[in-house]
Amino acid sequence: MDQLFDVSLFASALRMVTPILLAALGGAICARVGLFNVGLEGLMLVGAFTAIVGNYMTGNIIFAVLFAMICTLVFSLLFAYMSIHLRANVIVVGIALNFLALGLTTFALRAIFDVRGAFYDKDMTGLPKWDIPFVENIPWLGDVLSGHSVLVYLSIVIVLGLQYFLFKTVTGFRLLAAGENPTAARSLGIKVSRLQYGAVLLCGALCGLAGAQLSLGNVTMFTEGMTSGRGFIALVATMLGQSNPLGVAAASFLFGFMESLSIRLQGFALPTQFTYMVPYVVTIVAMFFFKDKGYLEEARKSNESSR
């Protein structure tokens, strides 16, 4: 048991939780304005691929992350335009974007790198690891918290910042008003469409960071469909967290820990088919015990909220 739940397991869980957490926070912001964004999977995949492209083309890790954010922002505009301006069903739009992202990244992988399946360059460097002063010298805690990429620590700052923004600022309450009752919000002079566009763009930026952590932080390569359902897990984390950043962070850590545990179980001679199932089984179980039906009602009304 000590070999299973050791320091490296929790350190790995912190890395695994970051892409899920960043995408889930983006989904929470969209949910605040009444948009049920099912396209988190596709946005993460675009971010992961463009981060590799930016790193390969420029050789600069900062430009690579910024390039991933910009490309994902542009891709998220498709969701915003179709769901807000054209008033299309957000569920259908999100699913369509997921398939579009999968096809585009597969095609671009062959068009840009002339490879199939995966791309790896031994000269390409990933996100640098940060050692936290003083903390790194603390037994056990230093091994868990120190030595991660900057995006891991940035995700924690974003959680705290969004918690303050959503519940302590006027704009945060306007976001909630735009999602709860857009008609009443418009009668008060609130620009609902503008807030929704801003929320979707912010979601795109966060998913770009999530994809960059996935392809440059956890590993330094890109494989077709490498998100492997993490966008849908992030969507469940958004629902379990009730669009509250702290609740979303707690739910994301649960799923990230289970993903890390599934990898660790492979070293105990367990069938890989079983270990790969662990995060998704936990996701289904979490949804089974999810009793709040209000979120389902919000999903049904989300198409009306964009009008």
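Above this text is the structure in question.
Student: I'm lost on a nonpolar patch on the surface in this one. Help?
Tutor: Together, I138, W140, L141 and L145 line one region of the surface with nonpolar side chains, adding up to about 330 Å² of accessible area. Residue I138 is classed as partly exposed on the basis of its relative accessible area of 37%.

Student: Where do I start with the packing of helix α2 (residues 40-58) against helix α10 (residues 230-240) in this structure?
Tutor: Between α2 and α10, the least distance of the axes is 7 Å, while the angle of their chain directions is 130°. Compared by their axis directions, α2 and α10 come out oblique. Considering the relative orientation of α2 and α10, their crossing is right-handed. Facing α2, whose interface residues are L40, E41 and M44, α10 presents R230, G231, F232, A234 and L235. Partitioning the contact of α2 with α10 into residue classes produces five nonpolar, one polar and two charged.

Student: Looking at this model, I keep getting lost on the packing of aromatic side chains. Mind explaining?
Tutor: Note on aromatic pairs: each is described by the distance of the centres and the angle between the planes. Scanning the model with the defined rule gives eight aromatic pairs in all. Centre to centre, the rings of Y56 and F119 are 5.4 Å apart; their planes meet at 90°, and the pair counts as edge-to-face. Residue Y56 is located in helix α2, and its partner F119 is located in strand β1 (residues 118-119); the two are separated by 63 residues in the primary sequence. Seen from their ring centres, F113 and F119 are 3.9 Å apart, and the 20° between their planes marks the pair as stacked. F119 matches F113 in its accessibility class, with the two residues each being buried. An aromatic cluster is present here, built from F49, Y56, F113, F119 and F222 joined pairwise through their rings.

Student: Quick question: what am I supposed to make of helix α1 (residues 7-32) here?
Tutor: One full turn of an α-helix is made of 3.6 residues, so residues set three or four places apart face in the same direction. Here α1 is 26 residues long and its end C-alpha atoms lie 36 Å apart, about the 38 Å a rise of 1.5 Å per residue gives. Maximum bend of α1: about 30°, positioned at V17, with proline P19 one to four residues after it. Taking burial as the measure, the 26 residues of α1 include 21 buried ones, the bulk of the element. Positioned one or two residues after α1, G34 has a phi angle of 85°, which is positive.

Student: Any chance you could explain the side chain of E41 here in plain terms?
Tutor: The topology assignment puts E41 in helix α2. Buried charged residue E41 carries no salt bridge. Nearest counter-charge: R230, at 7.3 Å. If we skip the residues at most four places from it in the chain, E41 touches N98, T227, S228, G229, R230, G231 and F232.

Student: Explanation requested: the layout of surface pockets in the structure shown.
Tutor: Remark: the empty space left among the atoms is shown by a probe the size of a water molecule rolled over them. Size it by volume and the largest pocket reaches roughly 430 Å³. Lining the largest pocket are 17 residues, and of these M226, S228, R230, E259 and I263 lie nearest its centre.

Student: Looking at this model, I keep getting lost on the nonpolar core. Mind explaining?
Tutor: Generally speaking, a soluble globular protein has its nonpolar side chains buried in company with each other. Within the largest apolar cluster, 83 residues are counted, with the highest numbers of intra-cluster contacts made by L25, L35, F222 and F255. Considering each element in turn, this core owes the most residues, twelve residues, to helix α9 (residues 192-218). When near neighbours in sequence (up to four residues on either side) are disregarded, L25 contacts I158, V159, L162, L206, P245 and V248.

Student: How should I be thinking about the environment of D131 in this particular structure?
Tutor: Counting through the fold element by element, D131 comes out in the loop between β2 (129-130) and α5 (141-145). With 18 residues separating them along the chain, D131 and S149 place their C-alpha atoms 9.1 Å apart.

Student: Looking at this structure, I do not really get unusual backbone geometry. What am I missing?
Tutor: Leaving glycine aside, a negative phi is the common case for residues, and trans is the common case for peptide bonds. With a phi close to 55°, D114 is a non-glycine residue in the positive phi region. Note on placement: D114 falls in the loop between α4 (90-113) and β1. Phi is positive for F134, close to 70°, though the residue is something other than glycine. Tracing the backbone through its elements, the reader meets F134 in the loop between β2 and α5.

Student: Please explain the pattern of salt bridges as it appears in this structure.
Tutor: Any two side chains of opposite charge can pair, on the condition that their charged atoms come close. Under the counting rule described, the total for this entry stands at three salt bridges. In this structure, R110 and E224 form a salt bridge, with 4.0 Å as the shortest nitrogen-oxygen distance. With a gap of 114 residues between them, R110 in helix α4 and E224 in the loop between β4 (222-223) and α10 connect regions that are remote in the sequence. The class of R110 is partly exposed, set by a relative accessible area of 37%. Salt-bridge contacts for K122 lead to D123; the nearest nitrogen and oxygen are separated by 3.4 Å.

Cut-offs and rules
Residues numbered from 1 in each chain as written. Predicted model: local features only at pLDDT ≥ 70, side-chain atom pairs only at ≥ 80, totals over all residues. Heavy atoms only, no water. Patch = residues over 30% accessible without salt bridge, like charges linked within 9 Å, V, L, I, M, F, W, Y side chains within 5 Å. Areas by Shrake-Rupley, 256 points an atom, 1.4 Å probe, with all protein chains shown as cover. Salt bridge = Lys/Arg side-chain N within 4 Å of Asp/Glu carboxyl O. Buried < 20%, exposed > 50% of the residue type's maximum accessible area, 1.4 Å probe, protein only. Axes fitted to C-alpha atoms, helices over the stretch in contact; angles between N-to-C directions. Helix = DSSP H or I, 4+ residues; strand = E, 2+ residues; numbered from the N terminus. Parallel < 35°, antiparallel > 145°, perpendicular 65-115°, else oblique. Left-handed = near helix turned anticlockwise from the far one by under 90°. Contact = heavy atoms within 4.5 Å. Nonpolar A, V, L, I, M, F, W, Y, C, P; charged D, E, K, R; others polar. Phe/Tyr/Trp six-rings, centres within 6.5 Å; stacked < 30°, edge-to-face > 60°. Expected span 1.5 Å × (residues − 1). Bend = angle between axes of the 7 residues up to and from the residue. Lys, Arg positive; Asp, Glu negative; His and termini not counted. 1 Å grid on protein atoms, 1.4 Å probe; cavity = no way out; pocket = protein on both sides within 12 Å on 5 of 7 lines; lining within 4 Å. Points joined across faces, edges and corners; volume = space filled by probe spheres on them. Core = buried A, V, L, I, M, F, W, Y, C linked by side-chain atoms within 4.5 Å.

The analysis is restricted to geometry; functional conclusions fall outside its scope.
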